[in-house]
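Structural features, examined
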Amino acid sequence: MIHAQSIFYAGFWTYRIHKLFEIPFVLTIQNQVNFVNKSNFEYETVRKILNESSFNFICSNDKIRQLATNGIYSEYVNVGNLISNQFNYTKRIDNKILKIITISSFHPCKDQGTIFEAFKIIDKKLTKKIDFEWIGLNSWQKNNPSEISDFLKKYKLNKITIKTTPFLDRIEISKKLKNADLFVFSSIIEGMPISVL
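Residues numbered from 1 in each chain as written. Predicted model: local features only at pLDDT ≥ 70, side-chain atom pairs only at ≥ 80, totals over all residues. Heavy atoms only, no water.

Notes on the overall build of the protein
Here is the rule we go by: Each helix corresponds to a stretch of at least 4 residues labelled H or I by DSSP, and each strand to a stretch of at least 2 residues labelled E; elements are numbered beginning at the N terminus. Exposed residues in this analysis have more than 50% of their type's maximum accessible area, buried residues have under 20%, and partly exposed residues fall in between, with area computed by a 1.4 Å probe over protein chains only. Should any heavy atoms of two residues lie within 4.5 Å, those residues are considered in contact.
Helix and strand counts for the protein come out as six helices and eight strands. The linear arrangement of helices and strands in the protein, starting from the amino end, is β-α-β-α-β-α-β-β-α-β-α-β-α-β. Per-residue burial for the protein yields a buried fraction of 37% across its 197 residues. Taking all contacts inside the protein whose residues are at least 6 apart in sequence as the whole, residues at least 24 apart take part in 72%.

Observations concerning a nonpolar patch on the surface
Under the convention used in this document: To count toward a patch, a residue needs a relative accessible area above 30% and no salt bridge. Like charges then connect within 9 Å, nonpolar side chains (Val, Leu, Ile, Met, Phe, Trp, Tyr) within 5 Å. Values of accessible area rely on a 1.4 Å probe in the Shrake-Rupley scheme; residue burial ignores everything except the protein chains shown. Each salt bridge in this description consists of a side-chain nitrogen of Lys or Arg and a carboxyl oxygen of Asp or Glu lying within 4 Å of one another.
Together, Ile 17, Leu 20 and Phe 21 line one region of the surface with nonpolar side chains, adding up to about 300 Å² of accessible area. Here Leu 20 shows up in helix α1 (residues 7–21).

A few points about the environment of Leu 168
Following the sequence through the fold, Leu 168 ends up in the loop between β7 (160–165) and α6 (170–179). Sequence-wise, Leu 168 and Gly 136 are 32 residues apart; in three dimensions their C-alpha atoms are separated by 6.9 Å. Not counting chain neighbours up to four residues away, the residues in contact with Leu 168 comprise Ile 135, Ile 173 and Lys 176.

Looking at the pairing of strand β2 (residues 25–29)
Consecutive side chains along a regular strand alternate between the two faces of the sheet. Definition in use: Throughout, right-handed denotes a crossover for which the path from the first strand over the helix to the second runs clockwise when the strands point away from the viewer.
When you tally the buried positions in β2, you get five out of five residues, the bulk of the element. Here β2 shows two buried faces, one formed by Phe 25, Leu 27 and Ile 29 and the other by Val 26 and Thr 28. What joins strand β1 (residues 2–4) to β2 is α1, and the crossover it makes is right-handed. Once you follow β2 into helix α2 (residues 40–52) and on to strand β3 (residues 56–58), the crossover reads as right-handed.

With respect to the pattern of salt bridges
In a structure, side chains of opposite charge can pair up when their charged atoms sit close to one another. Applying the stated criterion across every chain, the model contains seven salt bridges. The partner of Asp 62 in a salt bridge is Arg 65, and the shortest N-O contact between them spans 2.6 Å. Of this pair, Asp 62 and Arg 65 both sit in helix α3 (residues 62–69), three residues apart, roughly one helical turn. According to the relative accessible area criterion, Arg 65 is partly exposed, its value standing at 46%. Lys 120 serves as the salt-bridge partner of Glu 117, at 3.5 Å between the closest nitrogen and oxygen. Pair noted here: Glu 117 and Lys 120 are both in helix α4 (residues 112–123), with a separation of three residues, about one helical turn. Overall, Glu 117 belongs to the partly exposed group, its relative accessible area being 38%. Through salt bridges with shared partners, a single network forms among Glu 133, Lys 163 and Lys 176.

Structure follows, in C-alpha cells:
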C-alpha cells in the first residue's frame, strides 16, 4: 500500500507505480487544488487517480468544492476538521480575565507580529487582564525554540499573560475554544485555513 500526500505530483508518481506493479494506494488531498497551467493530460490523470485509489482522504470539505469547481467528482473521506456540537461556545462564569487564543505555526505568512504589535498598544489601555494562549506554534516542527523565545522577548507586556503550547490534539483544542472569549487569526495569505475550519 502506498500513501500519496498530494495530487501534484506525489499522486502522479504513485499512480505510475500502481500501474506498473499493481500496488494499491490511498491519496490525501491537503494542499490547494489548482488546475491553472495544467495540461489536459494532467487533468485526466487526476480523474484516474481519484477513481483508482482505495481511499481519497481530504483535510476539509472545501477540497471537495475545489475539485468540483473544476468538474472533478469522486468519493471522499474527511479526516480533517468538521463542524461539531462539541465546539459550541459555553459561557464562562469567570469574566475577570479575557481569554484569547490563536492556533498557528510560527511563520512569516502567519504574521503573529501583527497580533503582538496590537497587544503592545492595548496593553497600555487595559482595565482588566488578558490571558493569551498561542497553540501550535511549532506544529510544522521547523522552528528553533530559541527563535520563538527571541520573538516573544521583544514584547514587554504588563497586563497580558502569554502562554505558548507547541501542540494539542483536536479534543484539547475544542476545550480551549469553548473556554476562550476570542479567537484571533493573523495569516496574511490563507483564505480558508485549517485552524479556522
